[in-house]
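The primary structure of each chain is shown beneath.
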Amino acid sequence: MITSSIRRISALKLISNDLIHLGIVQSCKRRCFHSAVGAASALSLDRTHVDDDSDVLCERSCGIGYVGEDGLLHVRESAVLYREVVRVFRTLDWRGARKIEFCEVVRRFGVSHAVDVFRIIVHGFAMAGMRMEVFCLFRCVMGYCREVDHGMFEMLAFVLDSREHGEGSSVVCNVLIKVFASNSMLGSALDVFFYARKLGLELEILSCNFLLKCMVEAKEGKLVQILFDEMKISGPSPNVYTYTIVSKFYCDSVSDRRDLDTMKLTELLEDMESHGKNPTVVTYGVYIDGLCKAGYVDSAIRLCRSQKQPLTAYYYNALMKGFCQQGNIHEAERLFYNMQAHGVLPDIYSYNILIDGLCKNDDIEKGIIFLKEMERCSLKPTLESYTSLIGGWCKKGQLDLSLQMFGFLKTSGYEIDKPFYDVLIKGFCKHSDMDYASKLFHEMICLELVPDVYSFNNLIHGFCKVGLLDQALECFHVMVESGFQPGRTICNVILQGYCKNDHLEKALEIMYEMWSKGLRPNLFSYNIVIDRICKELSPRTAWELFALMLKMSVSPNVVTYSSIIDGYAKSGSIKKARMLHAKMLKLGVAEDVVMRTILINMFSSIDRVRKAYQIFKDMRSGGLTVDRMCYTSMIAAFCGLGNMKLALKLFHDMKNTRNFPGVFTYNCLIDGFSKVKRMDEADRLLDEMLRNGITPDEVTYTIFIVGYRRLGKPERAQEFEKLRGKVLCPEAAACMTLELDSSLVDYG
């Protein structure tokens, strides 16, 4: 009681400083006001002593009443506010405080009066340690600020007092930090932190940890680092929970486990121990989880073995998840049984981790076994458990089983969520059933499950895959109209779809649309379109886009140069192709296999096969992996010269390096032997094709028809015509025959 009374008297000194500046008592003399407050403080602080007589006396002594023409004493409207403020301040009556609504005070008396009144009430409650009440008062002010779009920090910083009232101001700062943080106003909360440091006020570790936690949840990495560093420098000194929060941030903030900074995690753990903070089970759990996410499962296991306290399910779950991410399901399963053997009961997360890992590795049957084991252990499988099964079935194309499970879950009372729909929709998109994927998407929307960028991306990928580009574009526009910002990746998927289907003009329209939406096309975007332009033998147009690319500060790579050089070479502009190649090398862009193959084809086309062969040999001696396409290009060049001995040697080298030839490679060799009238070798190659499971195409049969006609063996040629007729439709076969007859006339 004594401490509470002292706090109230101290707060009354504060109110004596603040109420002087209120507009409602501008006519009141300082000495009169002190007399009134002194009289009030002399009374007992019990509510029963706050009666109307004392209020009237106070009004008269302060001059805030007036005598009207009727000779009666009238109380000014502002005096009513004053009376309520004093009543609340003296009694700390929360019900009375709630009646003084900030918005209403602003409306009747103005912002400055409302601010001053709430400053008094806030400090009164703060000095009495009534933090929840202070928090609610700040929420009221915050509601007003949001309604009128007023700066929050400027409005609420008025409550921060000088060092003379440090105790109350510290409470206010701590509460204010929590108010801002809980309302996602992290920048303003950090401003309060620094302002409190400037005033020399001591902040509590609880409020700072709460702010840090909110920053972590909002993935505000820069703010997390600023606050954590400042806490280490000027206080409050981080405790074990602070370090745990920051460690979890480093583990959860990366999208790719390869980006996880394990050195930073280790430094945090060592820094904590060097400051005498003993890591808790949770801290070690976060650290172990981080190591597992980064793929350092062995290091995590060593850390677990070094622990003196018994391992919990949290540790085992982190390790199992790490093994599952590595695809080492057998080790995860062994750890699961080891966990049971040591008396640690697996929880729902343990089973879900293992089921998910098994399903992702195509062992759905075993996943179902663990699902049934969950039920035997009185652990009801969650929707996440079934989502893993659905994902496994969708991956294997067993969509009927997925739909059966979907129906079972709906009838069993499970509330299907968005992630479940996303997995199901992705499965149908992957297997090109866009009708059912669209149906599920609309069903999800009808259930008021709001699709996100991931949901739209699945549909767009699916539509592009089956060539339904207009539907993909429509879906893209719906996504944009719904307020989602499309990423470059999905724009590039649509670009690639239109380019693959020879809709170059539409692809260019989409590229311009990307610009209009603030999405600058990246290198992949330019490469897609430039490649399509060059395939249409329009290298000049590609060069214009190349110039624009440089203007937009997008540096071309070997893929860009390869497309344009190939375009120039195939359109006959060999000189331009060679000039651009020289420029590429001068800029330090390294050649790859595709670039060398383009050069081989270019030099072969102008009868410079020796130069082409030198490039080929340099590739092999320089350590570049020669692929099937490159071998085929060189074989075709030698076949064109009639040098079948060298062509056959390269063919054998190709097979020895496990670059297995396809139908095009065989066609080149068969055509070469046909032209030198070695149809016996051509027949041998055809037999080899069939033994290797390579199906001849219409070009293969046409080569044999021409070859045997040249040898004057029409009966043998007719046999191949029948075989070709089975491959081609009648109209195509007839056209092909006419073209052959024409070519034979020319040959004769």
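Residues numbered from 1 in each chain as written. Predicted model: local features only at pLDDT ≥ 70, side-chain atom pairs only at ≥ 80, totals over all residues. Heavy atoms only, no water.

**Details of the overall build of the chain**
Along the chain, the regular secondary structure elements total 42 helices and 2 strands. For the chain, contacts bridging at least 24 residues in sequence account for 59% of all contacts bridging at least 6. Per element, the accessible surface of the chain, about 38200 Å² overall, is 53% carbon and sulfur. (Helix = DSSP H or I, 4+ residues; strand = E, 2+ residues; numbered from the N terminus. Contact = heavy atoms within 4.5 Å. Areas by Shrake-Rupley, 256 points an atom, 1.4 Å probe, with all protein chains shown as cover.)

**Overview of the side chain of Ser455**
Looking at the secondary structure, you find Ser455 in helix H26 (residues 453-465). On the accessibility criterion, Ser455 (1% relative accessible area) is buried. At 3.0 Å, the side chain of Ser455 and the side chain of Asp452 are in polar contact. (Buried < 20%, exposed > 50% of the residue type's maximum accessible area, 1.4 Å probe, protein only. Polar contact = N/O pair within 3.5 Å; in protein donor to acceptor, adjacent residues only side chain to side chain.)

**Describing the packing of aromatic side chains**
This structure, assessed with the given rule, holds 24 aromatic pairs. With a centroid separation of 5.5 Å and an interplanar angle of 75°, the aromatic rings of Tyr386 and Tyr414 are classed as edge-to-face. Placement of Tyr386 in helix H22 (residues 383-395) and of Tyr414 in the loop between helix H23 (399-411) and helix H24 (418-430) is noted, with a sequence separation of 28 residues between them. Considered together, Tyr386 and Tyr414 belong to a single accessibility category, that of buried residues. Taken together, the ring pairs in this structure connect Phe336, Tyr337, Tyr351 and Phe370 into an aromatic cluster. The ring centre of Tyr414 lies 5.0 Å from the NZ or CZ of Lys380, which sits over that ring. (Phe/Tyr/Trp six-rings, centres within 6.5 Å; stacked < 30°, edge-to-face > 60°. Lys NZ or Arg CZ within 6 Å of the ring centre and 35° of its normal.)

**Overview of the pattern of salt bridges**
Using the criterion set out here, one finds 25 salt bridges in the structure. Between Asp422 and Lys418 there is a salt bridge; the shortest N-O distance is 2.3 Å. Of this pair, Asp422 and Lys418 both sit in helix H24, 4 residues apart, which is roughly one turn of the helix. A relative accessible area of 16% places Lys418 in the buried class. Ionic pairing is found between Arg678 and Asp680, a salt bridge with its closest N-O pair at 3.2 Å. You can call Arg678 partly exposed: its relative accessible area is 36%. On the accessibility criterion, Asp680 (48% relative accessible area) is partly exposed. Three or more residues are tied together by salt bridges with common partners; here these are Lys655, Arg678, Asp680, Glu681, Arg684 and Glu688. (Salt bridge = Lys/Arg side-chain N within 4 Å of Asp/Glu carboxyl O.)

**A closer look at helix H11 (residues 186-199)**
Counted at 1.5 Å a residue, the expected span for H11 with its 14 residues is 20 Å, and the 20 Å between its end C-alpha atoms agrees. Listing the buried residues of H11 in full gives Leu186, Ser188, Ala189, Leu190, Val192, Phe193, Ala196 and Leu199. Phi turns positive one or two residues past the end of H11, at Gly200, with a value near 80°. (Expected span 1.5 Å × (residues − 1).)

**Some details on the packing of helix H30 (residues 523-535) against helix H32 (residues 558-570)**
Where H30 meets H32, the closest approach of the two axes is 9 Å, and the angle between their N-to-C directions is 10°. Comparing the axis directions of H30 and H32 gives the class roughly parallel. For the pair H30 and H32, the contacting residues are Leu523, Asn527, Ile530, Asp531 and Cys534 in the first and Val559, Thr560, Ser563, Ile564 and Gly567 in the second. A breakdown of the residues in the contact of H30 with H32 according to their chemical character gives 5 nonpolar, 4 polar and 1 charged. (Axes fitted to C-alpha atoms, helices over the stretch in contact; angles between N-to-C directions. Parallel < 35°, antiparallel > 145°, perpendicular 65-115°, else oblique. Nonpolar A, V, L, I, M, F, W, Y, C, P; charged D, E, K, R; others polar.)

**Some details on the environment of Gly567**
Checked against the element boundaries, Gly567 lands in helix H32. The exposure class of Gly567 is buried, given its relative accessible area of 1%. Residues in contact with Gly567, not counting those within four places in the same chain, are Cys534 and Pro539.

**Notes on the side chain of Arg596**
Within the secondary structure, Arg596 is located in helix H34 (residues 593-605). When near neighbours in sequence (up to four residues on either side) are disregarded, Arg596 contacts Glu591, Ile615, Asp618, Met619 and Leu624.

**Thoughts on the packing of helix H38 (residues 663-675) against helix H39 (residues 679-691)**
The contact between H38 and H39 brings their axes to 8 Å, and the two run at 165°. With respect to their mutual orientation, H38 and H39 come out roughly antiparallel. Taken as a pair, H38 and H39 cross one another with a handedness that is left-handed. Counting all contacts with H38, which are made through Val663, Tyr666, Leu669, Ile670, Phe673 and Ser674, the residues of H39 involved are Met679, Glu681, Ala682, Leu685, Leu686, Glu688 and Met689. (Left-handed = near helix turned anticlockwise from the far one by under 90°.)

**Looking at helix H29 (residues 504-516)**
The end-to-end C-alpha distance of H29 is 19 Å, a good match for the 18 Å that 13 residues give at a rise of 1.5 Å each. Every buried residue belonging to H29 is among Leu504, Ala507, Ile510, Met511, Glu513 and Met514, and all of these are buried. Elements that come into contact with the buried residues of H29 comprise helix H27 (469-481), helix H28 (488-500), H30 and helix H31 (539-551).

**Quick look at unusual backbone geometry**
Here the residue pair Gly235 and Pro236 is connected by a cis peptide bond, since its omega of -5° sits within 30 degrees of zero. With respect to the element layout, Pro236 can be found in the loop between helix H13 (221-234) and helix H14 (240-252). The phi angle at Lys677 is positive, at roughly 60°, despite the residue not being glycine. Topologically, Lys677 is positioned in the loop between H38 and H39.

**A word on the confidence of the model for the chain**
The pLDDT averaged across the chain works out to 77; a share of 72% of its residues lies at or above 70. In the model of the chain, helix H2 (residues 30-42) stands out as the element of lowest mean pLDDT, 33, in contrast to H38, which has the highest, 93. Low confidence marks residues 1-68, where pLDDT is under 50. Its contacts with residues over four positions away, or in another chain, come to 87 contacts. In the predicted structure, residues 730-748 sits below a pLDDT of 50 and forms 16 contacts with residues beyond four places in sequence or in another chain. (pLDDT = per-residue confidence, 0-100.)

**A look at the state of the cysteines**
Evaluation of the coordinates by the stated rule reveals 0 disulfides. Of the cysteine sulfurs around Cys668, a residue in no disulfide, the closest is that of Cys639, at 6.2 Å. (Disulfide = S-S within 2.5 Å.)

**Concerning the environment of Phe664**
In this fold, Phe664 is placed in helix H38. Here Phe664 falls in the exposed class, since its relative accessible area comes to 56%. For the pair formed by Phe664 and Pro696, sequence separation is 32 residues and the distance between their alpha carbons is 9.3 Å.

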